[in-house]
Amino acid sequence: MNILKALLKQLLGAKYERIAKSLIACLIAFLAIRTAEIEIEIAPFVFFLTATAFSAGIMWQVLNSSGNADRMIGLFMLPFENRKMTFSIVLAFTSYTLITKTFPVLTLFFAVHEWSAIQKAVSLLCACNGCFMAAAWYTMTWQAETEKRKLLPIVFLWCAAVLLSIFFVQDIVFFALIILTSQCLSVLRLLTEDAYGFYCPASAKQLIRHTRGTGSIFLYLLRYLITNKNYLLNTAGLSIIAAFLPLLLGQFEGLNVMPLGFSILCLNTPICILLSCDPDLEQAVRVLPGQAGRFCSRYCIFIFFVNAALSSVYLVSWQVWHGGAGGMEITAALLIALQSAVLSVLLEWCYPIRNWKIESDLWHHPRKYIVPLIMLLTAVLIGMWAVSIWILLCIVTVECFSLSFILRL
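**Q** Just to check I follow, could you spell out the overall build of the protein for this structure?
**A** Each helix and strand in the protein was counted, giving 19 helices and 0 strands. Taking contacts inside the protein between residues at least 6 apart in sequence as the whole, the part at least 24 apart equals 84%. When the accessible area of the protein is evaluated, it comes to approximately 20300 Å², of which 71% is carbon and sulfur surface.

Okay, structure coming up:
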């Protein structure tokens, strides 16, 4: 219990104040949606799939957070029992995931649709199961390659069984028994694991420190992106979205919604928070003379290339499905990618995120929506062909002022 309390205090605050903040935010959102009488018809499998996949994804981010390195070093220096340490870590991270991330999402589902009591209980069970499954699978990442190959088919079948039950099992009681069985399998898996499977002192951030001093900011940013697998997964996920987004937006006939896809693809949070997630780098950049403009300009170009690559996938997919991707669309894609990069760097430089506990707090900070919202409004204006030329000229003007500001930093 002492280990669990110590971890919970680090994740949820010294007096667990983040619990109250999260629950109050959930209550306000629930009452606001109910007062607005917003109702959406949602299939149960969507509800359960969201609870499982979202919780598992957040739990995986939490376990892979580079902020856990220092936290784990202090814990593992003390004498401990293996199983108590394992379940203290899992329970603490599960509590953090459910309270701060999953509960707000489930609140939206509760507010827009009437669910039975057993469906709500099963959704919470699915969320817990997602967290425990992620923890059980995470312990595999630190094992030998031969052991991974043996367990990989089991993990695949396990995941497939859970997904198939979500999609095809109609009886809610039988489905709950399947999820409970999966939860028990996760617990049994964790009982046999060494607690040092969660001990990762050589975090991505510590490894990347050795790459500094090479003189190449692009090399540093590229290595940072490659070392942090979660960042690559997020970018790969956006690439998949970019490939299928034309199928969704193409349904709006008579409207020029193509530029909206460019703004949606700007929501690549990990690459836009490199200064916030690495305070040591920020301190070095701000202290050394002449480094601010040098770093920020190259950081802006780096984000631009990533945004442009995602927009290229979107343009090719649109051309394949609908056609009509011409010079104006390519120009709009490049300008939105560049404007998003410039605004992201300026926001990160002028208003970095402070006082975060783990990287998941950065990924889901409300600040992440500011630049995509601005780009969304810009895309709507570009879609109005009667004023698109003037909008593009305004964007070019803003680009020039923003770039000149960055170069003078």
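**Q** Is there a simple way to explain the confidence of the model for the protein in this structure?
**A** It should be kept in mind that the predicted coordinates are not to be read in detail where pLDDT is low. For the protein, the average pLDDT comes to 80, and 83% of its residues sit at 70 or higher. The spread of mean pLDDT over the elements of the protein runs between helix H9 (residues 204-209), the lowest at 43, and helix H6 (residues 117-138), the highest at 93. Taken as a whole, residues 201-215 scores under 50 in pLDDT and shows 28 contacts with residues more than four places along the chain or in a different chain.

**Q** I would appreciate a short explanation of the pattern of salt bridges in the present structure.
**A** Here the structure, examined in full by the defined rule, presents 3 salt bridges. A salt bridge links Arg34 to Glu114; the shortest N-O distance between them is 3.1 Å. Of the two residues, Arg34 sits in helix H2 (residues 17-36) while Glu114 sits in the loop between helix H5 (82-112) and H6, which places them 80 residues apart along the sequence. Judged by its relative accessible area of 33%, Arg34 falls in the partly exposed class. With relative accessibility at 59%, the residue Glu114 sits in the exposed group.

**Q** Hey, could you run me through unusual backbone geometry in this one?
**A** For residues other than glycine, phi is negative in most cases, and the peptide bonds are mostly trans. Of note in the backbone geometry, Tyr16 takes a positive phi value of approximately 55 degrees without being a glycine. Along the chain, the position of Tyr16 falls in the loop between helix H1 (2-12) and H2. The class for Tyr16 is partly exposed, based on a relative accessible area of 28%. One non-glycine residue with positive phi stands out, namely Glu37, at about 55 degrees. Checked against the element boundaries, Glu37 lands in the loop between H2 and helix H3 (44-63).

**Q** Would you mind showing me how to read the side chain of Ser263 here?
**A** Relative to the assigned elements, Ser263 resides in helix H12 (residues 258-264). Residue Ser263 is classed as buried on the basis of its relative accessible area, which comes to 2%. Setting aside its immediate chain neighbours within four residues, Ser263 contacts Ile336, Pro372, Met375, Leu376 and Ala379.

**Q** I'm lost on helix H10 (residues 217-227) in this one. Help?
**A** Structurally, the α-helix is built with 3.6 residues per turn, so residues lying three or four positions apart point the same way. Three or more residues of H10 are buried, namely Ile217, Tyr220, Leu221, Tyr224 and Leu225. For H10, the angular spread of buried residues about the axis comes to 130 degrees, placing them on one side.

**Q** Hey, could you run me through the environment of Thr269 in this one?
**A** By the secondary structure assignment, Thr269 is in the loop between H12 and helix H13 (274-277). Taking the C-alpha atoms as reference points, Thr269 and Trp363, separated by 94 residues in sequence, lie 6.0 Å from one another. Excluding anything up to four places from it in sequence, Thr269 contacts Asn234, Leu362, Trp363 and Lys368.

**Q** Would you explain the packing of aromatic side chains in this entry?
**A** Within a pair of aromatic rings, the relevant descriptors are the distance that separates the centres and the angle that separates the planes. Following the criterion strictly, the structure yields 11 aromatic pairs and no others. Here Phe45 and Phe167 contribute two aromatic rings whose centre-to-centre distance is 5.3 Å and whose plane-to-plane angle is 40 degrees, an arrangement assigned as tilted. Of this pair, Phe45 sits in helix H3 while Phe167 sits in helix H7 (residues 145-168), and the two are 122 residues apart along the sequence. For the pair Phe47 and Trp115, a centre-to-centre distance of 4.3 Å together with 25 degrees between the ring planes defines the contact as stacked. Within this pair, whereas Phe47 is found in helix H3, its partner Trp115 is found in the loop between H5 and H6, the two being separated by 68 residues in sequence. We note that Phe47, like Trp115, is buried. Through pairs of rings, three or more aromatic residues link up here, namely Phe47, Phe48, Phe109, Phe110, Trp115 and Phe175. Between Lys120 and the ring centre of Phe110, over which it is positioned, the NZ or CZ distance is 5.4 Å.

**Q** Would you explain the packing of H3 against H6 in this entry?
**A** When two helices pack together, their arrangement is given by the angle between the helix axes and by the axis-to-axis distance. Interhelical geometry of H3 versus H6 gives an angle of 35 degrees and a closest axis separation of 8 Å. Where H3 crosses over H6, the handedness of that crossing is right-handed. Facing Pro44, Phe47, Phe48, Ala51, Thr52, Ser55, Ala56, Met59, Trp60 and Leu63 of H3, the residues of H6 in contact are Gln119, Val122, Ser123, Cys126, Ala127, Gly130, Cys131, Ala134, Ala135, Trp137 and Tyr138.

**Q** Explain H2 to me, please; I cannot follow it from the model alone.
**A** With 20 residues, H2 extends 29 Å between its outermost C-alpha atoms, agreeing within 8% with the 28 Å of an ideal straight helix rising 1.5 Å per residue. For H2, every residue scored as buried is listed here: Ser22, Cys26 and Ile33. Mapping the buried residues of H2 onto a view down its axis gives an arc of 40 degrees, with all of them on the same face. Seen from the open side of H2, the exposed residues pointing more than 90 degrees away from its buried face are Lys21, Ile24, Leu27, Ile28 and Thr35.

**Q** How should I be thinking about the packing of H5 against helix H8 (residues 172-191) in this particular structure?
**A** Packing of H5 against H8 leaves a shortest axis separation of 10 Å and a crossing angle of 135 degrees. Considering their axes alone, H5 and H8 lie oblique with respect to each other. Where H5 abuts H8, its residues Arg83, Thr86, Phe87 and Val90 lie against Val187, Leu190 and Leu191. Residue composition of the contact of H5 with H8, by class: 5 nonpolar, 1 polar and 1 charged.

**Q** For this particular structure, what's the right way to read the nonpolar core?
**A** Among soluble globular proteins, nonpolar side chains are generally buried collectively. Membership of the largest hydrophobic core comes to 33 residues, with the highest contact counts inside it found for Leu221, Tyr231, Leu274, Phe295, Tyr299, Ile303 and Leu362. Ranked by the residues each element gives to this core, the list is headed by helix H15 (residues 291-321), at 9 residues. Residues in contact with Leu221, not counting those within four places in the same chain, are Leu274, Phe295, Arg298, Tyr299 and Phe302. Listed in part, the 32 residues of the second largest apolar core include Leu8, Phe93, Ile99 and Ala134.

Definitions and cut-offs
Residues numbered from 1 in each chain as written. Predicted model: local features only at pLDDT ≥ 70, side-chain atom pairs only at ≥ 80, totals over all residues. Heavy atoms only, no water. Helix = DSSP H or I, 4+ residues; strand = E, 2+ residues; numbered from the N terminus. Contact = heavy atoms within 4.5 Å. Areas by Shrake-Rupley, 256 points an atom, 1.4 Å probe, with all protein chains shown as cover. pLDDT = per-residue confidence, 0-100. Salt bridge = Lys/Arg side-chain N within 4 Å of Asp/Glu carboxyl O. Buried < 20%, exposed > 50% of the residue type's maximum accessible area, 1.4 Å probe, protein only. Arc of directions from axis to C-beta. Phe/Tyr/Trp six-rings, centres within 6.5 Å; stacked < 30°, edge-to-face > 60°. Lys NZ or Arg CZ within 6 Å of the ring centre and 35° of its normal. Axes fitted to C-alpha atoms, helices over the stretch in contact; angles between N-to-C directions. Left-handed = near helix turned anticlockwise from the far one by under 90°. Expected span 1.5 Å × (residues − 1). Parallel < 35°, antiparallel > 145°, perpendicular 65-115°, else oblique. Nonpolar A, V, L, I, M, F, W, Y, C, P; charged D, E, K, R; others polar. Core = buried A, V, L, I, M, F, W, Y, C linked by side-chain atoms within 4.5 Å.

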